[in-house]
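One-letter residues, chain by chain:
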Amino acid sequence: MIKYNDLKRVNASFGEDLRAAVSRVTQSGWYLKGHEVEKFEKEFSAYTGVTYCVGVGNGLDALTAVLTAWKLMYGWNDGDEVIVPDNTFIATALAVSRTGLKPVLCEPHLEVPTIDETQIERLITPLTRAIIPVHLYGLMCNMDAINKIARKHKLKVLEDACQAHGAVYNSNSELQLSTLFGKRAGNNGNAAAFSFYPAKNLGCMGDGGAVTTNDKELATLVRSITNYGQTEKYVHDYMGFNSRLDELQAAVLSVKLQRLDKDNTRRIELAHYYSTHICHPAVELLPDITDNSHVYHVYAIKCKNPNYLRQLLLENGIETLIHYPIPIHRQKAYIDEASLHLPVSDHWADDELSLPLYPQMTDEEIQKVVDCINQNIF
Ligand SMILES: *Cc1c(COP(=O)(O)O)cnc(C)c1O
């Protein structure tokens with residue numbers, strides 16, 4: 001059986017180091033707001049290239065905390081608008097809604113899964129306050145264009161970097177004149193949200209997340225908001241909530257961060273193998289990107305009947321997933337958006353299939369997936 005993602009194998013590959021980290025925290029007698037979180041925050045901000053990192057409970061809360069902070073800092077009102085892609089994990093839109101703001105859904109590109117920046121400006125109204133580009137599947141959005149639009153219309157940019165830990169913007173393109181050239185995901189807007197959900201490129205052993213930013217006021221406010229709005233012990237200036245990264249998860253993340261670049265390189269290598277060896281009339285491959293601007297959280301292909309191919313692969317012992325079968329505007333939770341016409345987003349939902357990919361997969365396994373696709377009729 002080739003699993004879509006084998007977390008047992010992923011974490012076993014860290015061997016004694018993970019066990020030692022867990023044991024250290026277990027024995028420390030200190031489980032929240034301690035040295036492990038402080039250490040990981042320093043390491044992750046240095047890695048990402050930002051000044052501030054605030055550990056939080058999960059990716060959804062990371063997004064929510066930034067929007068809540070901006071609402072306070074800039075006096076945004078309930079119902080103010082935030083532009084988000086329609087094809088994303090629902091957390092991106094939920095963070096906007098639970099902050100009392102309105103998600104405005106935008107189409108993705110046809111060739112790549114990221115938000116179509118050329119469609120953003122027509123969605124801007126006097127109520128628009130921010131844009132949340134999602135580096136979907138691990139591929140960085142066109143941040144030059146998005147930041148340019150944001151500057152022109154005085155909007156905030158919140159990167160949803162939950163699938164793109166370690167991705168580097170335009171690391172090998174002709175756009176090297178960009179001021180963002182060479183910057184990692186999480187350092188290309190006003191703030192960024194990360195999730196350390198176990199299956200992410202950098203994953204812990206439970207829930208975890210972080211906010212990264214170069215804005216001191218924002219970092220301070222996010223830290224306060226995610227700790228009950230506390231500013232001093234038992235002094236609460238805001239109606240915050242409780243969302244903290246715990247010591248155990250931070251210790252695990254410190255171990256795993258050391259190998260993130262190497263693991264991402266292996267992901268890119270495996271993705272490149274798929275892209276250069278899958279050859280089937282019914283399969284459409286996405287661009288083969290090997291310059292670190294795509295860290296392949298997901299390896300996506302397109303085909304006309306993904307559920308059929310999915311079943312066929314499963315019968316041959318290969319697990320796959322669909323990211324995502326229902327776009328936001330077709331979710332019951334967003335019934336008010338059901339009348340929107342977003343055909344490109346629908347197309348991704350209808351045609352996408354995600355192949356197995358994680359750093360510990362062997363060359364033989366990836367070959368088996370390729371052979372199974374190439375040798376079958378569908
Ligand atoms: C995983 C993910 C989130 C949410 O992260 P959680 O830690 O599960 O809350 C948000 N946005 C995107 C794009 C994600 O992939």
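Residues numbered from 1 in each chain as written. Predicted model: local features only at pLDDT ≥ 70, side-chain atom pairs only at ≥ 80, totals over all residues. Heavy atoms only, no water.

Give me the lowdown on the site of the ligand, citing residues and values where you can.
Neighbouring residues of the ligand: 13 residues in total, closest G59, D160, Q163, S195 and K200. Here an oxygen atom of the ligand and a backbone polar atom of L60 are 2.9 Å apart. At 2.8 Å from an oxygen atom of the ligand is found a side-chain nitrogen or oxygen belonging to Q163. For the shell around the ligand, the elements supplying multiple residues, two or more each, are α4 (59-74) and α5 (91-98). Looking at the shell around the ligand residue by residue, the classes come out as five nonpolar, six polar and two charged. (Near = heavy atom within 4 Å. Polar contact = N/O pair within 3.5 Å; in protein donor to acceptor, adjacent residues only side chain to side chain. Helix = DSSP H or I, 4+ residues; strand = E, 2+ residues; numbered from the N terminus. Nonpolar A, V, L, I, M, F, W, Y, C, P; charged D, E, K, R; others polar.)

Could you give an account of the side chain of E81, with specific residues and numbers?
Tracing the sequence through the fold places E81 in strand β2 (residues 81-85). For the buried E81, no salt bridge exists, and the shortest N-O distance to an oppositely charged side chain is 6.1 Å, to K102. Sequence-distant contacts of E81, that is, excluding residues within four places in its chain, are made with K102, V104, L123, T125, L127, T128, R129 and A130. (Buried < 20%, exposed > 50% of the residue type's maximum accessible area, 1.4 Å probe, protein only. Lys, Arg positive; Asp, Glu negative; His and termini not counted. Salt bridge = Lys/Arg side-chain N within 4 Å of Asp/Glu carboxyl O. Contact = heavy atoms within 4.5 Å.)

Summarise the sheet that holds strand β12 (residues 352-355); cite the residues concerned and give the values.
The three strands are arranged β10-β11-β12 in an open sheet whose pairing can be described as antiparallel. Only two strands of the sheet have a single neighbouring strand rather than two, namely β10 (283-285) and β12. Here the strands of the sheet are splayed against their neighbours by 40 degrees on average, with no regard to which way each runs. Two elements, β10 and strand β11 (residues 299-303), share three bridges in a ladder whose sense is antiparallel. Opposite L285, over in β11, you have I301 as the bridge partner. Here helix α10 (residues 306-315) sits on the sheet in contact with β11 and β12, set at roughly 25 degrees to β12. (Pairing = 2+ DSSP bridges. Axes fitted to C-alpha atoms, helices over the stretch in contact; angles between N-to-C directions.)

Summarise the state of the cysteines; cite the residues concerned and give the values.
Throughout the structure, instances matching the rule amount to zero disulfides. You can see C162 has no disulfide; the closest cysteine sulfur is in C204, sitting 12 Å from it. For C162, a relative accessible area of 8% corresponds to the buried category. Between C279, a cysteine without a disulfide, and C303, which holds the nearest cysteine sulfur, the sulfur-to-sulfur distance is 15 Å. (Disulfide = S-S within 2.5 Å.)

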